[in-house]
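Breakdown of the fold
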Amino acid sequence: MESLAVALQPYKDTVGLSAAVITVLQFFSGVFVVNDIRRKGSSEGFSAGPFLGGAVFSLLNVQFGQMLQDDAMIKVNLIGLGLNVVYVCAFYWYTLGPAKNKVWGQIGLAGAIAAGLLAYVQYEDPKVVEFRFGMILTVILLILVGMPLLGLGKILKNKSTEGLPFPIILSGSFVSLAWLLYGVILRSNFLVAQNVIALALGLVQLSLFVIFPSKPSSSTKKATKSDKKTN
């Protein structure tokens, strides 16, 4: 890693700026997912998890930016917070019937987690809070990146990637790659390890789009319907 760090050192500012810009652009990837939901006329088959997780993660990163006194980090994540709140509202708008109650439950859970972690920051020892909070953010990031894999069983059963947020996964992979390179330049093992795992998870998910189509085949749809009737 040392030789690569030396080779990339002259491009430190460029790589850092690129990582920041790509991160902001990633926030807008949710627009494509919301548009798919709009065209379908329903949020059925989609998950609010990426949007709620993105909102919580952005909010916590605003807090982390305040701890680090990093204005750029605060501004970037305020944009992310605002956009993800809009995505959640759009998701709820296209959620039909009793499913709205499930979305409210998810919103309540996300809010409780965010409130609990923000309260933790206020009471933790100032000497260790920055490192520990950074570790918590890393765990949340990896959960968010790997979240679409929770539906792997359904993907394999339907032989379709329908419902997977391709724009978010693709842009997230580019973000992980950009911050991985920046971590190499900074010689930050913490940042490198974090983004190596995130990039690996992203590539695994992208491989599913190569293996399976975005829409289930007609035969798969018939089999699914017959299974529902049987049950």
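All figures in this text were calculated on a predicted structure; none of them were measured in a lab.

We now examine the overall build of the chain. The helix and strand tally for the chain stands at 11 helices and zero strands. In the chain, the succession of helices and strands from N to C terminus is α-α-α-α-α-α-α-α-α-α-α. Over its C-alpha trace the chain gives a radius of gyration of 19 Å, about what one expects of a compact globule, namely 17 Å for 231 residues. Considering only C-alpha atoms, the chain reaches an extent of 60 × 40 × 25 Å along its principal axes. Looking at the 231 residues of the chain, the share that counts as buried comes to 39%. Sequence separation of at least 24 residues holds for 77% of the intrachain contacts in the chain that already meet a minimum separation of 6. Accessible surface, the chain: about 13300 Å² in total, of which carbon and sulfur atoms supply 68%. In the chain, which carries 19 positive and 11 negative side-chain charges, the distance between the mean positions of the two groups comes to 17 Å.

Moving on, we come to the packing of helix α5 (residues 71-93) against helix α6 (residues 99-123). For any two helices packed against each other, the geometry is given by the interaxial angle and the distance between the axes. Close contact between α5 and α6 brings their axes to 10 Å; oriented N to C, the two are set at 160°. In this view, α5 runs roughly antiparallel relative to α6, as classed from their interaxial angle. For the pair α5 and α6, the contacting residues are V88, F91, Y92 and W93 in the first and K100, V103, W104 and I107 in the second. Across the contact of α5 with α6, the residue classes break down as seven nonpolar, no polar and one charged.

All right, on to the nonpolar core then. Counting 31 residues, the largest nonpolar core has F51, L60, F91, F133 and L137 as its most contacted members. Those elements that provide at least two residues to this core are α3 (30-40), α4 (49-68), α5, α6 and α7 (126-146). Residues within four places of L60 in sequence aside, it is in contact with A114, L117, L118, F133, L137 and I140. Listed in part, the five residues of the second largest apolar core include A5, L180, V184 and L199.

If you check UniProt for "transmembrane region" (unreviewed entry), the listed places come out as residues 15-34, 46-64, 76-96, 103-121, 133-152, 164-185 and 191-212 in our numbering. The span residues 15-34 shows a helical share of 90% and a strand share of 0%, and its end C-alpha atoms are spaced 30 Å apart.

About the criteria used
- Counting starts from 1 at the beginning of each chain's written sequence and moves along it residue by residue.
- Thresholds applied to this predicted model are a pLDDT of at least 70 for local features of residues and 80 or more for the giving and counting of side-chain atom pairs; totals over whole chains, interfaces and linings are not thresholded and use all residues.
- Hydrogens are left out, water is left out, and the side-chain values use all remaining heavy atoms of the structure.
- Each helix corresponds to a stretch of at least 4 residues labelled H or I by DSSP, and each strand to a stretch of at least 2 residues labelled E; elements are numbered beginning at the N terminus.
- Only C-alpha atoms enter the radius of gyration, while the globule expectation follows 2.2 Å times N to the 0.38, with N the number of residues.
- Buried residues are those whose accessible area, probed at 1.4 Å on protein chains only, stays under 20% of the maximum for their type, while exposed residues exceed 50% and partly exposed ones sit between those limits.
- Only heavy atoms enter the contact rule, under which two residues are in contact if any of them lie within 4.5 Å.
- Each accessible area value is a Shrake-Rupley result obtained with a 1.4 Å probe; residue values ignore everything except the protein chains displayed when judging cover.
- His is not counted, nor are the chain ends; Lys and Arg add positive charge and Asp and Glu add negative charge.
- Charged groups are reduced to one reference atom each: NZ for lysine, CZ for arginine, CG for aspartic acid, CD for glutamic acid.
- Axis definition: a line fit to C-alpha positions, over the contact stretch in the case of helices; interaxial angles, taken between N-to-C directions, run 0 to 180 degrees.
- Every angle not falling under 35 degrees, over 145, or within 65 to 115 is termed oblique; those three ranges are roughly parallel, roughly antiparallel and roughly perpendicular.
- Gly is put with the polar residues, along with every residue not named as nonpolar or charged; the nonpolar set is Ala, Val, Leu, Ile, Met, Phe, Trp, Tyr, Cys and Pro, and the charged set is Asp, Glu, Lys and Arg.
- Among buried residues, those of type Ala, Val, Leu, Ile, Met, Phe, Trp, Tyr and Cys that are joined through side-chain atoms within 4.5 Å constitute a nonpolar core.
- UniProt positions are given in the numbering used here, feature names are shortened, and annotations may be inferred rather than shown by experiment.

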